[in-house]
Amino acid sequence: MTAPDLVTDELVLTGRLTTASNATFLGAIGEAVVVYKPVAGEAPLWDFPGGTLARREVAAHLVSETLGWDIVPRTWLRDGPFGEGMVQLWQEPDPDQDAVNLVPKDEVPDAGWRAVLEGEDQAGRAIALVHEDTPSRRRMAVFDAIVNNADRKGDHVLAMAGGHRFGVDHGLTFHHEDKLRTVLWGWVGEPLAVEEMGGIGRIADALSGELGRCLPELLSVEEIDALAAPCARLRADGCFPAPGGDMPAVPWPLF
């Protein structure tokens, strides 16, 4: 069977994800299951220009590809039933796994997890927000710092059956102001690993190469110029960043 052309073959809608804040549809291009987010269905935001979220998602995929860490599933722009939009290969997470979780405060695992913050549930019980302490989760935190991700919720980390983790929903990225909001704060101030520093260097170098040639179709000049800043800061500091600015450090809701 001939593989579908993901850009030109018909995109058939099969359902809608009603929990998303923007219009988000499940669809198929031949045998490929995809997510489709039309530009026309993007809700207005006070701090991001209208009609730009789909392109930011594609730009995030390009950064992921340049890093070589397989964080963002294949993502591209194309026409669809409701006009141009972002299309991404669907990833089915394992319902028995969690990369980010809320647990009772006295049940935070001793190893393999990092606690980010503490609070109370609706019944007044002490709980903690935790995430995996793994090399791939660290790399996702570095990726978020590079793209200035303002919306890394727990549900935006997909735990796959084979152990891989994907990051999705990158519409709120690449702002020219510091907007990093994430649930992955477990390594604040800790040294970056050699591999992590190498990835940051690849992005910095690629901005004057292929990545820099592709981004003008997706981001503004100001946003592309701002992309170099976190790379330079991370390389100079050599450690994971801490929350900054006037905005909350974590997105809401957390999941």
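The rules behind these values
Sequence order sets the numbering: in each chain, residues are counted from 1 along the sequence as written. In keeping with the predicted nature of the model, local features appear solely for residues at pLDDT of at least 70, side-chain atom pairs appear and are counted solely at 80 or more, and the whole-chain, interface and lining totals rest on all residues. To obtain the side-chain values, all non-hydrogen atoms of the structure were used and water was disregarded. By convention in this document, the label disulfide applies to cysteine sulfur atom pairs within 2.5 Å. Each aromatic pair joins two rings of Phe, Tyr and Trp (for Trp, the six-membered one) with centres within 6.5 Å, and gets the label stacked for planes under 30 degrees apart, edge-to-face for over 60, and tilted for any other angle. Comment: elements are numbered from the N terminus, with helices defined as DSSP H or I runs of at least four residues and strands as E runs of at least two. Summary of the burial criterion: residues with accessible area below 20% of their type's maximum are buried, those above 50% are exposed, and those between are partly exposed, where the area comes from a 1.4 Å probe applied to protein chains only. In this analysis, the expected span of each helix is defined as 1.5 Å times one less than the number of residues it contains. Throughout this description, the term nonpolar core refers to a set of buried Ala, Val, Leu, Ile, Met, Phe, Trp, Tyr and Cys residues connected via side-chain atoms within 4.5 Å. Residue contacts are counted whenever heavy atoms from the two residues lie within 4.5 Å of one another. Note on pairing: DSSP must find at least two bridges between two strands before they are called paired. Note on definitions: angles span 0 to 180 degrees between N-to-C directions of axes, and those axes are lines fitted to C-alpha atoms, for helices only across the stretch in contact. Arc, as used here, means the arc of the directions from the helix axis to the C-beta atoms.

Caption draft 1: Summary view of the state of the cysteines. Following the criterion strictly, the structure yields 0 disulfides and no others. No disulfide involves Cys-239; its sulfur sits 15 Å from the nearest other cysteine sulfur, which is in Cys-231.

Caption draft 2: Just the packing of aromatic side chains, in detail. Summed over all chains, the structure comprises 3 aromatic pairs. Centroid distance Phe-25 to Tyr-36: 6.1 Å. Interplanar angle 35°. Geometry classified as tilted. Remark: Tyr-36 occurs in strand 3 (residues 32-38) and Phe-25 occurs in strand 2 (residues 25-29); sequence separation between them is 11 residues. You can call Phe-25 buried: its relative accessible area is 9%. Note on Trp-187 and Phe-240: the rings are 5.6 Å apart at their centroids and 35° apart in plane angle, and the pair reads as tilted. Placement of the pair is Trp-187 in the loop between strand 10 (165-167) and helix 3 (194-206) and Phe-240 in the segment after helix 5 (221-237), with a sequence separation of 53 residues. This pair shows no difference in class: Trp-187 is buried, exactly as Phe-240 is. Ring-pair connections join several aromatic residues into one group, and the members of that group are Phe-25, Tyr-36 and Phe-82.

Caption draft 3: Highlighting helix 1 (residues 53-67). In this model helix 1 runs 21 Å from its N-terminal to its C-terminal C-alpha over 15 residues, within 8% of the 21 Å that 1.5 Å per residue would give. Those residues of helix 1 that fall on the buried side of the exposure criterion are Leu-53, Ala-54, Arg-56, Glu-57, Val-58, Ala-59, Ala-60, His-61, Val-63, Ser-64 and Leu-67. Downstream of helix 1 by one or two residues, Gly-68 has phi in the positive range, about 80°.

Caption draft 4: Representation of the nonpolar core within the structure. Val-63, Phe-143, Ile-146 and Phe-174 are the most contacted members of the largest nonpolar core, which totals 42 residues. Looking at this core, the elements with two or more residues in it are helix 1, helix 2 (135-147), helix 3 and helix 5. In contact with Phe-174, not counting residues within four places along its chain, are Arg-56, Ala-59, Ala-60, Val-63, Val-147, Asn-148, Leu-219, Glu-223 and Leu-227.

Caption draft 5: Structural context of the sheet that holds strand 6 (residues 100-104). Taken in spatial order, the 3 strands make up an open sheet running 6-8-7, and their pairing is antiparallel. Two strands in the sheet have a free side with no partner beyond their single neighbour: strand 6 and strand 7 (113-120). Taken pair by pair, the neighbouring strands of this sheet meet at an average axis angle of 30°, ignoring direction. Note: strand 7 against strand 8 (residues 126-132), 7 bridges, orientation antiparallel. By the bridge assignment for strand 8, Glu-120 is matched with Ala-126.

Caption draft 6: Highlighting helix 5. Helix length check: helix 5 (17 residues) gives 25 Å between terminal C-alpha atoms against 24 Å at 1.5 Å per residue, within 8%. All of the buried residues along helix 5 are Glu-223, Ile-224, Ala-226, Leu-227, Pro-230, Cys-231 and Leu-234. Along helix 5, the residues classed as buried sweep out an arc of 165° about the axis, all on the same side. Turned more than 90 degrees from where helix 5 packs its buried face, Val-221, Asp-225 and Ala-236 sit exposed. In this fold, the buried residues of helix 5 make contact with helix 1, helix 2 and helix 3. The positive-phi residue at the C-terminal boundary of helix 5 is Gly-238, with phi of around 70°.

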